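Here's the letter readout for the chains.
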Amino acid sequence: MRDGKKGAAPAGQAALTVDGGELAAEVHYPPLDNGLDYLVSVVDHLRGEEVGRRELKYAVVHLQAAVECLLKYRLELEHWSLVFKNPGDAKYSKLDDGSLDSCTVDQTVTRLVNLAGVAIGPKEEKNLKDLARLRNQLQHYGRPHDAKVNRYVIGANAVSVLEFLMHFVDSELLPRIGPPGGDAAASLAWIREGLDEIRGYVAARMRRLRPRLGPVTSRTVVCWECGQFALVVGAGEGGSCLYCHQRRGPEDIALAYAYEVLGRTTWSAVSGGLDPVYWCPLCDVEALVRTVLTAAGPENPVDLCFHCGETVSGVRECARCEKPFAAVGEESACDDCLHAVIATG
C-alpha cells in the first residue's frame, strides 16, 4: 500500500520550493485525498436549484473519476497487484510510478465482490455502469446517445452514485485506514454538507409533484431511469414519468419495467421461465405485469396492467403450462390449456 509522503502538499495544491534559484514543483495526490477531491468538485457542480449544462457535464466526468480512484484504492488495500489489468504480470515499480495498465471499472467491481467480499448490489452495479457509459458519451460525443436521458435522469443517477460512494468510504475505506485528517477530513465534511443539499433538491422536486401524483398512487411505479416513484401508467396511454419526463406506450413500458426493475426475462422452452408481460383480462392488451410495487403500497406487490392501470386480482399460475391467468372461481388451468384438452379429447 502506498502512503502519503510526509510534508506532501494538500490534495489539489502544489508545494513550491526554491532550490539554487530554480523553481521546483511537486504535486502529490494520495488515493483517498484524490478521490474525495473529485467528489468535492461533484458537489460544487450539483449544488443549487438549477444545474447548468456545464456543471452537469463536469459533475459526471469528475464523479466517474472519483469512482475509479476510490474503488481501486479499496482493491489496492486488499492487495496491490489486484489493480493491474493482469495481476499475474504485476510489478510494484509500475504501481509506484503510475505506469501500470490498470483494471477497468467492471473488473474492479467484480474483484471487489469476489475477492474482497465487498457488498455491491445489482442496482448499485447498474448505476455505476450507467455512469461510466454516460461519462464516455458526454466526454467524447458531447451528449448522451439516448434522447430520453435528460438532466433529471443524469442528476438522479449522479446522486445515487454519490450516495453509494459515501457509504463505500465509510464502510470500506475509513475502517481500514483510520480517521482522516487534514484535507481529507475537510473534504468529507464539505461533501456531506453538500450531499444533504443535493438530496434536498430531489426531495423538493418530488414534493412539487405530490399534487399530481397523489390521486394516482395505485398506478404509480418506480422509474428505472431516474429511480423515483413517479412513473404513472394506465389510462390507456402507457406510462409517463413526471420526474424525468420519459414516455412510452403501454406494451413497451410494461416490458421495459419487467426487464429493468424486476429483472424478468423472456419465456423460453429451454429455460422454463415465464413471460414478463401478459394479456390483461380487463382490457385485452398485452400489458399486465405481475408483482409490481406501486406508490400506494411499496411493500405489497400487485398484478398491474400498464394499459388500463387496473390491479387484476385472482391471477394464478396454470396447473398445466404454469403461465399466469385470471382465474374465475376455482379454475386451475388457463383457457388455452382447457381448449387444448378438449380438442385432444
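See the structure above.
Calculation notes
- Residues numbered from 1 in each chain as written.
- Predicted model: local features only at pLDDT ≥ 70, side-chain atom pairs only at ≥ 80, totals over all residues.
- Heavy atoms only, no water.
- Core = buried A, V, L, I, M, F, W, Y, C linked by side-chain atoms within 4.5 Å.
- Buried < 20%, exposed > 50% of the residue type's maximum accessible area, 1.4 Å probe, protein only.
- Contact = heavy atoms within 4.5 Å.
- Salt bridge = Lys/Arg side-chain N within 4 Å of Asp/Glu carboxyl O.
- Helix = DSSP H or I, 4+ residues; strand = E, 2+ residues; numbered from the N terminus.
- 1 Å grid on protein atoms, 1.4 Å probe; cavity = no way out; pocket = protein on both sides within 12 Å on 5 of 7 lines; lining within 4 Å.
- Points joined across faces, edges and corners; volume = space filled by probe spheres on them.

## Description of the nonpolar core
Phase 1 of the analysis: Of all hydrophobic cores here, the largest spans 90 residues; its most connected members are Leu39, Leu63, Leu71, Leu165, Tyr243 and Phe306.
Phase 2 of the analysis: The residues contacting Leu39, other than those within four sequence positions of it, are Leu63, Ala66, Leu70, Leu162, Leu165, Met166 and Ile191.

## Considerations on the pattern of salt bridges
Phase 1 of the analysis: With the rule as written, the count across this model stands at 10 salt bridges.
Phase 2 of the analysis: Notably, a salt bridge pairs Glu68 with Arg135, separated by 3.8 Å at the nearest N-O pair. Placement of Glu68 in helix 2 (residues 53-78) and of Arg135 in helix 5 (residues 122-141) is noted, with a sequence separation of 67 residues between them.
Phase 3 of the analysis: Look at Glu68 and you get partly exposed, because its relative accessible area is 27%.
Phase 4 of the analysis: With a relative accessible area of 17%, Arg135 lands in the buried category.
Phase 5 of the analysis: Arg133 serves as the salt-bridge partner of Asp130, at 2.6 Å between the closest nitrogen and oxygen. Taken as a pair, Asp130 and Arg133 lie in helix 5 at a separation of 3 residues, close to a single helical turn.
Phase 6 of the analysis: Judged by relative accessible area, which is 45%, Arg133 ranks as partly exposed.

## Focus: empty space enclosed by the protein
Phase 1 of the analysis: Taken as a whole, this structure holds 2 cavities of 30 Å³ or more when the rule is applied.
Phase 2 of the analysis: There is about 30 Å³ of room inside the second largest cavity.
Phase 3 of the analysis: As for the second largest cavity, its lining consists of Val105, Asp106, Val109, Glu125, Leu128, Lys129 and Ala132.
Phase 4 of the analysis: Those elements that provide at least two residues to the lining of the second largest cavity are helix 4 (105-115) and helix 5.

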